[in-house]
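Analysis of the macromolecular model
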Amino acid sequence: MCVAVRPGIGRRSSVVRPWIRSSPRLSVLGRSGSPQRTGLTAHPISAKAARLKLFGKSPAGVYLRLNRRVWETLPLGLRNSYPVRAYGTWLHGLVHLIATRQQYFGTFFLRNRPALELMRRLAQEKAEGSTLRIAVLACSIGAEVYSILWTIRSARPDLKVLLCAVDISKEILKFAERGLYTSSASELVGSSIFERLTPHEMEQMFDLEGQEARVKPWLREDITWRLGDAASPELIPALGRQDIVVANNFLCHMEPAAAENCLRNIAGLVDREGYLFVSGVDLEVRTKVAHELRWQPIPELLKQIHDGDTSVREDWPWCCWGLEPLDRRKSDWQLRYAAVFQIKVQ
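Residues numbered from 1 in each chain as written. Predicted model: local features only at pLDDT ≥ 70, side-chain atom pairs only at ≥ 80, totals over all residues. Heavy atoms only, no water.

**Here we look at a nonpolar patch on the surface**
Formally: Each patch is built from salt-bridge-free residues with over 30% relative accessible area, joining like charges within 9 Å and nonpolar side chains (Val, Leu, Ile, Met, Phe, Trp, Tyr) within 5 Å. To measure how exposed things are, a 1.4 Å probe is used in the Shrake-Rupley method; for residues, cover is taken only from the protein chains shown. In the sections that follow, a salt bridge refers to a side-chain nitrogen of Lys or Arg positioned within 4 Å of a carboxyl oxygen of Asp or Glu. Numbered from the N terminus, helices here are DSSP runs of H or I no shorter than four residues, and strands are runs of E no shorter than two.
On the surface, Tyr63, Tyr87 and Trp90 cluster together into a nonpolar patch covering about 310 Å² of accessible area. On the secondary structure map, Trp90 appears in helix 4 (residues 82-98).

Dropping the structure here:
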């Protein structure tokens, strides 16, 4: 079953971990917590060998820790060289072999600004006074929902934006619907969810009272909060076709086969000529589905969106949600690295 939630946040020194509720933190790399396991991403025999322990220690874990210490001393230019990137890809594969799939909370407001900018440009194409239907899957505590609405409604106040926010947790949906964020919310995600906002943006999005920040009423209008599972075929008739579907940062925390089935189901929500925003997914899974279903990658802002969430880029190759550097030498690089697609064939 697809977990309709998003990956979680942690910290590596001053670098904040990404994601809302599904961040596999690897104990062999020094992560902590007691989240729910959702399985491995590799062949069970290979995974079993990689997770072998000797005298209570994981040889693979020790190997990764040693490599990480060396890696972090390398100059950035050397890290970006082809041989080091190739070795990083191999290390990332090893991380996948020993990783467990786990659930955490955590996110940011305005997390990936280039992706929001592309969404704004797509909204600009709508006729004056028309309706724009958006579905946000794995909405979690609501940061992505309100970020999208602030971006679009600020640029196109004439549009009637109808947004359906879906999550598998009733408790989290209630939290998101309240639109009230305090220091306790920051504790929940492991870092300040406001840290990517400027003071001016804080004033535009929230009514501030002491330690509380409440989302402004004009951003909370026309939102439907719905309990649902992104993998369920019932989701499509329940929500109806959407102009834009957002499915970010949860598919990579599922086994590849389950993530692929879930992604195919999600695509059914997108109206003909509509758009799918999907990041935080194993690149092989997304590329395979996009190729087979003949999705059209959107080249606009492709690289900026790929690098737009620094937390996932900086976690490569040490976390299985880490995002590899964009490599234009790959023959399918535009399809592989695009995070936004137009769905022309249903």
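**Describing the packing of helix 2 (residues 59-71) against helix 4**
Rules: Axis definition: a line fitted to C-alpha atoms, over the contacting stretch in the case of helices. Angles run 0 to 180 degrees between N-to-C directions. Left-handed is the label given to a crossing in which the near helix is rotated counterclockwise from the far helix by less than a right angle, and right-handed is the label when the rotation is clockwise. In this description, contact between two residues means that some pair of their heavy atoms is separated by no more than 4.5 Å. Polar here means any residue other than Ala, Val, Leu, Ile, Met, Phe, Trp, Tyr, Cys and Pro, which are nonpolar, and Asp, Glu, Lys and Arg, which are charged; Gly is therefore polar.
Running from N to C, helix 2 and helix 4 point in directions that differ by 145°, and their axes come no closer than 11 Å. Regarding helix 2 and helix 4, the two cross each other, and that crossing is left-handed. Counted together, Ala60, Tyr63, Leu64, Asn67 and Trp71 of helix 2 and Val84, Tyr87, Gly88, Trp90, Leu91, Leu94, Val95 and Ile98 of helix 4 form the full contact between these two elements. A class-by-class count of the residues in the contact of helix 2 with helix 4 yields 11 nonpolar, 2 polar and no charged.

**With respect to the environment of Val289**
The condition is simple: Each residue is assigned to one of three classes by its accessible area relative to the maximum for its type, calculated with a 1.4 Å probe on protein chains only: buried under 20%, partly exposed between the two thresholds, exposed over 50%.
As for its position among the elements, Val289 is in helix 13 (residues 283-292). Take Val289: its relative accessible area is 0%, and that puts it in the buried class. In sequence terms Val289 and Ala267 are 22 residues apart; their C-alpha atoms lie 9.6 Å from each other. If sequence neighbours within four positions are ignored, Val289 has contacts with Glu260, Leu263, Arg264 and Trp295.

**Comments concerning the nonpolar core**
Worth spelling out the cut-off: Residues enter a nonpolar core if they are buried and are Ala, Val, Leu, Ile, Met, Phe, Trp, Tyr or Cys, with the set joined through side-chain atoms within 4.5 Å.
Phe109, Ile134, Tyr181 and Phe206 are the most contacted members of the largest nonpolar core, which totals 49 residues. Ranked by residues supplied to this core, first place goes to helix 6 (residues 143-155) with 7 residues. For Ile134, the residues in contact, after removing those within four places along its chain, are Ile148, Ile152, Val161, Leu162, Leu163, Cys164, Gln242, Ile244 and Val246. With 40 residues, the next largest nonpolar core counts Phe250, Met254, Leu263 and Leu302 among its residues.

**As for helix 13**
Among the residues of helix 13, those classed as buried are Leu283, Val285, Arg286, Thr287, Val289 and Ala290. Elements in contact with the buried residues of helix 13: helix 12 (256-267), helix 16 (333-337) and strand 12 (340-343).

**Some points on unusual backbone geometry**
The omega angle of the peptide bond from Trp316 to Pro317 is 5°, so this bond is cis rather than trans. With respect to the helices and strands, Pro317 occurs in the loop between helix 15 (310-314) and helix 16. Phi at Ala138 is positive, roughly 60°, even though this residue is not glycine. In this fold, Ala138 is placed in the loop between strand 3 (131-137) and helix 6. Relative accessible area serves as the criterion here: at 0%, Ala138 is assigned to the buried category. The backbone of Arg294 shows a phi angle near 60°, a positive value even though the residue is not glycine.

Remember, this is a structural readout, not a statement about activity or role.
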